[in-house]
Amino acid sequence: MQKDNAPYNFIVMKCPCCGAQIGKVDKATLKGLSKNDGPNGHVVFKCENKHCEYSGLELPLFVVDEYIYQKHPTLILGTVDKFAMIPWKKEAGSIFGFREHEGSWARISPPELIIQDELHLISGPLGTMVGLYEVMVQNLCINYGVRQSPFLPDDRSAGFVGKVIASSATISRAAEQVKSLYGTDQLSIFPPQGLEFGNTWFSEEKAISDQFPARTYVGILGSGYPSIQASIIRSYAAVRQKVKELSDNEKIDYYWTLLGYFNSIRELGNASSLIYADVRERLSQLQNRELLPFTLRRKLFKSEELTSRISAFEIPEALKKLEKIFSNNHNQAIDICLATNMVATGVDISRLGLMFVHGQPKTTAEYIQASSRVGRDVPKGPGLIFTIYSPSKPRDKSLYENFQGYHMRIYAHVEPTSVTPYSINARQKGLHAVFIGLMRHLAEGNLRTNASTQGTDFQQLAVKVKELIIERCAISDPHELTNTTNKIDEIIHFWKGRFQNYGDAGNFKILGDEDYVPLMYASSAEVRDEIRKSSLSTPTSMRGVDSESRIVIVDQKL
């Protein structure tokens, strides 16, 4: 953080006690961060608000993996991406209660509660890999009441399994997904329905009225225009101008910021160029045609973008800008915000009430999640969602023709998710990592640090770990039980007596020492051919699990 233009990557934006700002105020000012020097020095957070309970004290917040492993916090917030690092780092065992003291290992109680937000997103290739790694995570969270090694007893019937709470607003066939992800048939949906559908005691359905307006969906299909761009220009300009003509400032603020949702970066880029030129020109045409006074003429001054094209530290700043309300004097509210599926989950800004969805998203779940970003402050008015359909896409035309019926039963159209953690591709990419992770963290001694199997409890532990994985496979996907068993046997045979080191997630030792051949190498980086043949390609992230294919043009005439 010595450079003025250095990004702020510490995530913490405000004090959790009083809400005072922490982080970068501007290019030259940094608040709430300090550094402890020394061999164990690290960055600490301190609240600078003098009236705060934690004023001048170190906040109990840790955002770097190594610090988390050392401090053993009571509450950990993270993403499923971090599952991939568990086999790589022996220190990760501290999360599951393992402690090293004077050369020996002991264990305290492992985590007892796991909360998974947005369960419907754990699907497809990501969900498949997560479902496989959940075998490792779930088994490391089982409390057998054992404080000393061996940590995996022969009789595992008395093990206490922690509770998993998963939330989702758009999910279909939840039982099948939970069975594939967590290997259990024990599913309870909360809150359950009461005597009347929609009344769960915790929530109830309200009839649509002025006091409780619902979201309003409007479909636009400009079949008479040569391209969808013409529909965008005319609809954006017309809606933006009408918002300016509202008489109530509270209503104006609610609909002032237009949130444009796009299915791809390419479509967003095309629309962005229209906003800076064509939409403004169209606004002038409408205003001149209707002879509007200057005070009622809408101008487009401020626009924002929420996509993967902006850096991570800029996202919180963009969200802060979206929270600024409309004012007749020195207005700082954003006029238009263009976004991709980045805003589909986790963006809860109550003042947003207007959205344009450009083309039907791939899934109904994504459509519901995205359109739910507006209209969250119910008493202020209905959230308005305009869906612009392309006349050149058959799917868009079909949905437009059935617009009313589709939206009246929109939750019935939510697609079931696909999670296949024991499929052949998943086994090849991650089964060995799950096996190694369980072996490494449940081992008694040297096997935690070194991959050498000589003089360790490798053989006995391998049999038990194999049983853990097979038991989960028998519940989640019994058709792949034989193939999974054979794959584990191959892993045990491959590992036994051949390696001294596990490897590192950055492949640093591989690149620096030609004689270094570890058990695993990171699949995200290039290595020499000898390593590819002698070691196991292991992921360091749950995303990007599909391998790349290289195409070489041999004959220019083809």
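For the structure given in this document, a descriptive report is provided here. Since we're looking at a predicted model, the values are computed, not measured.

Conventions we followed
- Counting restarts for each chain: residues are numbered from 1 in the order of the written sequence.
- Since the coordinates come from a predicted model, pLDDT governs what is reported: local features require at least 70, and pairs of side-chain atoms require 80 or more to be given and counted, while whole-chain, interface and lining totals use all residues.
- Hydrogens and water molecules were not included; the side-chain quantities draw on all heavy atoms of the structure.
- Strands are runs of DSSP state E lasting at least two residues, helices are runs of H or I lasting at least four, and both sets are numbered from the N terminus onward.
- Type-normalised accessible area, obtained with a 1.4 Å probe on protein chains alone, sets the label of each residue: buried when under 20%, exposed when over 50%, and partly exposed for intermediate values.
- The protein chains shown are the only cover counted for residues, whose accessible areas, like all others here, come from Shrake-Rupley with a 1.4 Å probe.
- Only four residue types enter the tally: Lys and Arg on the positive side, Asp and Glu on the negative side, with His and both chain ends excluded.
- In plain terms, the charge of a residue is placed at NZ if it is Lys, CZ if Arg, CG if Asp and CD if Glu.
- Strand pairing is defined by DSSP finding a minimum of two bridges between the two strands.
- An axis is simply a line fitted to the C-alpha atoms; with a helix, the fit covers only the stretch in contact. Between two such axes, the angle follows the N-to-C directions and lies from 0 to 180 degrees.
- In what follows, residue pairs with any heavy atoms lying within 4.5 Å of each other are defined as contacts.
- Aromatic rings from Phe, Tyr and Trp, with only the six-membered ring used for Trp, were paired whenever their centres fell within 6.5 Å, and each pair was classed as stacked if the ring planes differed by under 30 degrees, edge-to-face if by over 60, and tilted otherwise.
- We call a set of buried Ala, Val, Leu, Ile, Met, Phe, Trp, Tyr and Cys residues a nonpolar core when their side-chain atoms join them within 4.5 Å.
- A side-chain nitrogen of Lys or Arg and a carboxyl oxygen of Asp or Glu constitute a salt bridge if their distance falls within 4 Å.

Bringing the overall build of the protein chain into the picture now. When helices and strands are tallied, the protein chain shows 15 helices and 16 strands. Looking at the protein chain as a whole, 43% of its 558 residues are labelled buried. Total accessible area computed for the protein chain in this model is approximately 30800 Å², and 52% of it derives from carbon and sulfur atoms. Here the protein chain contributes 64 positively and 62 negatively charged side chains, and the mean placements of these two sets differ by 5 Å.

The next subject is the environment of G219. Tracing the sequence through the fold places G219 in strand β9 (residues 216–221). Taking C-alpha positions, G219 is 22 Å from V378, a pair spaced 159 residues apart along the chain.

This part takes up the sheet that holds β9. Strand order across the open sheet formed by six strands is β9-β14-β13-β10-β12-β11, with parallel pairing between neighbours. Strands with a single pairing partner mark the edges of an open sheet, and in this sheet they are β9 and β11 (303–306). For this sheet the average axis-to-axis angle between neighbouring strands, irrespective of direction, equals 20°. The sheet contacts of helix α7 (residues 314–322) involve β11 and β12 (336–339), and relative to β11 the element is tilted by about 135°.

Another point: the packing of aromatic side chains. Tallied over the full model, the rule gives 15 aromatic pairs. On the numbers, 6.3 Å between centres and 85° between planes, the contact of Y389 with F403 is edge-to-face. Highlighted residues: Y389 in strand β14 (residues 384–389) and F403 in helix α10 (residues 403–408), separated in sequence by 14 residues. We note that Y389, like F403, is buried.

Before going further, it helps to spend a moment on the nonpolar core. Soluble globular proteins tend to bury their nonpolar side chains together. In this structure, F435, M439, L442, I469, W495 and L519 are the most contacted members of the largest nonpolar core, which totals 63 residues. Among the elements of the structure, α2 (124–140), α3 (174–182), α11 (424–442), α12 (458–476), α13 (481–495) and β15 (520–522) are those that each provide at least two residues to this core. For I469, the residues in contact, after removing those within four places along its chain, are V135, Y422, L431, V434, F435, L438, T484 and I488.

Another point: the pairing of strand β6 (residues 104–107). Side chains W105 and R107 project from β6 onto a buried face, and the interleaved S104 and A106 project onto a face without burial. Taken together, the four bridges between strand β5 (residues 98–101) and β6 define a ladder with antiparallel strand orientation. Following the sheet pairing, E100 is matched in β6 by W105. Where β5 folds back onto β6 in an antiparallel hairpin, the turn is made up of two residues, including E102, whose phi is positive at roughly 55°.

Next up on the list: the pattern of salt bridges. Across all of its chains, the model carries 21 salt bridges by this definition. When the shortest N-O distance is used, the salt bridge between E467 and R156 registers 3.4 Å. You can see E467 sitting in helix α12 and its partner R156 sitting in the loop between α2 and β8 (163–166), a full 311 residues away along the chain. Residue classification places E467 among the partly exposed residues on the basis of a relative accessible area of 37%. According to the relative accessible area criterion, R156 is buried, its value standing at 15%. The salt bridge partner of K206 is E204, with a shortest N-O separation of 3.6 Å. Salt bridges linked by common partners bring R156, E467 and E471 together as one network.

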